[in-house]
Amino acid sequence: DPKELESVKSFQFLPFYEGFLIALDSLKKSGIRVKLYVYDVDKDTAKTKQILRKPEMRSMDLIVGLLYTRNFQLVADFAKKNKINLVNPVSERSELVNGNPYVFKVQPSKKGRLAAVAACLAKSYDTCQIIIIRNGQYPDRDAPDQVKKECTNLGLPASIVEGQEAAIAKLSKSK
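Owing to the predicted nature of the structure, the values given are computational and were not obtained by experimental measurement. (Residues numbered from 1 in each chain as written. Predicted model: local features only at pLDDT ≥ 70, side-chain atom pairs only at ≥ 80, totals over all residues. Heavy atoms only, no water.)

> What should I look at first to understand the overall build of the protein chain in this one?
Per the secondary structure count, the protein chain includes seven helices and five strands. Counting helices and strands in the order they occur from the N terminus, the protein chain gives α-α-α-β-α-β-β-α-β-α-β-α. A globule of 175 residues ought to have a C-alpha radius of gyration of about 16 Å, yet the protein chain, at 22 Å, is considerably larger. Put simply, the protein chain has 175 residues, and 24% of those count as buried. Considering only intrachain contacts with a sequence separation of at least 6, the fraction spanning at least 24 residues in the protein chain is 45%. With an accessible surface of roughly 12,500 Å², the protein chain has 55% of that area assigned to carbon and sulfur atoms. (Helix = DSSP H or I, 4+ residues; strand = E, 2+ residues; numbered from the N terminus. Rg over C-alpha atoms; globule rule 2.2 N^0.38 Å. Buried < 20%, exposed > 50% of the residue type's maximum accessible area, 1.4 Å probe, protein only. Contact = heavy atoms within 4.5 Å. Areas by Shrake-Rupley, 256 points an atom, 1.4 Å probe, with all protein chains shown as cover.)

> I'm lost on the state of the cysteines in this one. Help?
Formally, a disulfide is one covalent bond, and it connects the sulfur atom of one cysteine to the sulfur atom of another. As enumerated under the stated definition, the model contains zero disulfides in all. Unpaired in terms of disulfides, Cys128 finds its nearest cysteine sulfur in Cys151, a separation of 12 Å. Looking at Cys151, the relative accessible area reads 0%, which means it is buried. (Disulfide = S-S within 2.5 Å.)

> What am I meant to see in helix 4 (residues 69–82) here?
Spacing of three or four residues puts side chains on the same side of an α-helix, whose turn is 3.6 residues. In this model helix 4 runs 20 Å from its N-terminal to its C-terminal C-alpha over 14 residues, within 8% of the 20 Å that 1.5 Å per residue would give. Turning to helix 4, its buried residues are Asn71, Phe72, Val75, Ala76, Phe78 and Ala79. Considered in projection along helix 4, the buried side chains sweep an arc of 165° and stay on one side of the axis. Across helix 4 from its buried face, at more than 90 degrees, point the exposed residues Arg70 and Lys81. Looking at the packing, one finds that the buried side of helix 4 touches helix 3 (45–52), strand 1 (62–64), strand 2 (85–88) and strand 3 (103–105). Lys83 occupies a position one or two residues after helix 4 and carries a positive phi of about 55°. (Expected span 1.5 Å × (residues − 1). Arc of directions from axis to C-beta.)

> Whenever I open this one, the sheet that holds strand 2 confuses me. Can you help?
The strands that make up a sheet are held in pairs by hydrogen bonds between backbone atoms, and each pair lies either parallel or antiparallel. Taken in spatial order, the three strands make up an open sheet running 1-2-3, and their pairing is parallel. Strands at the two margins of the open sheet, each flanked by one partner only, are strand 1 and strand 3. Neighbouring strand axes in the sheet, compared pairwise and without regard to direction, differ in orientation by 20° on average. Pairing between strand 1 and strand 2: three bridges, direction parallel. Looking at strand 2, one finds that Leu62 is bridged to Asn85. Sitting on the sheet, helix 4 touches strand 1, strand 2 and strand 3, and the angle it makes with strand 2 is about 155°. (Pairing = 2+ DSSP bridges. Axes fitted to C-alpha atoms, helices over the stretch in contact; angles between N-to-C directions.)

Written as structure tokens, this is what we have:
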């Protein structure tokens, strides 16, 4: 039953794993040999500690960790001690990399993404009035304020309106 599969947390990472295997296949085709180890770790830190004790773990070149916070910290400490690069492909939290030169994150922070949006707007629409529409239904209610602040810092005129109706009312009749 597909609904049962969706309820099992581990299955949410299958698309990531499948994409990872496609990337490995491309590497193999280009002549790079890869020996892949896959471990399924849940929230239980004891299970993570048990895996970190495996002899092959110290000889890893790279660890890609889709891990819960406490487990990720255990693996990050292990990676630092053993000088193994560790990648977190899902977290946006900037503090993951603090104080550990062996930890890398793929996802930019929310602030970084919003600054990039403002920079793109400033580059492409530097003579335009930017209207940011806030919709109260979304959990990220502070994002419009942050985008406006980033736009203002770049000298781009931006305003926030509440909902689509207010945005339509602000639109220029001549453009």
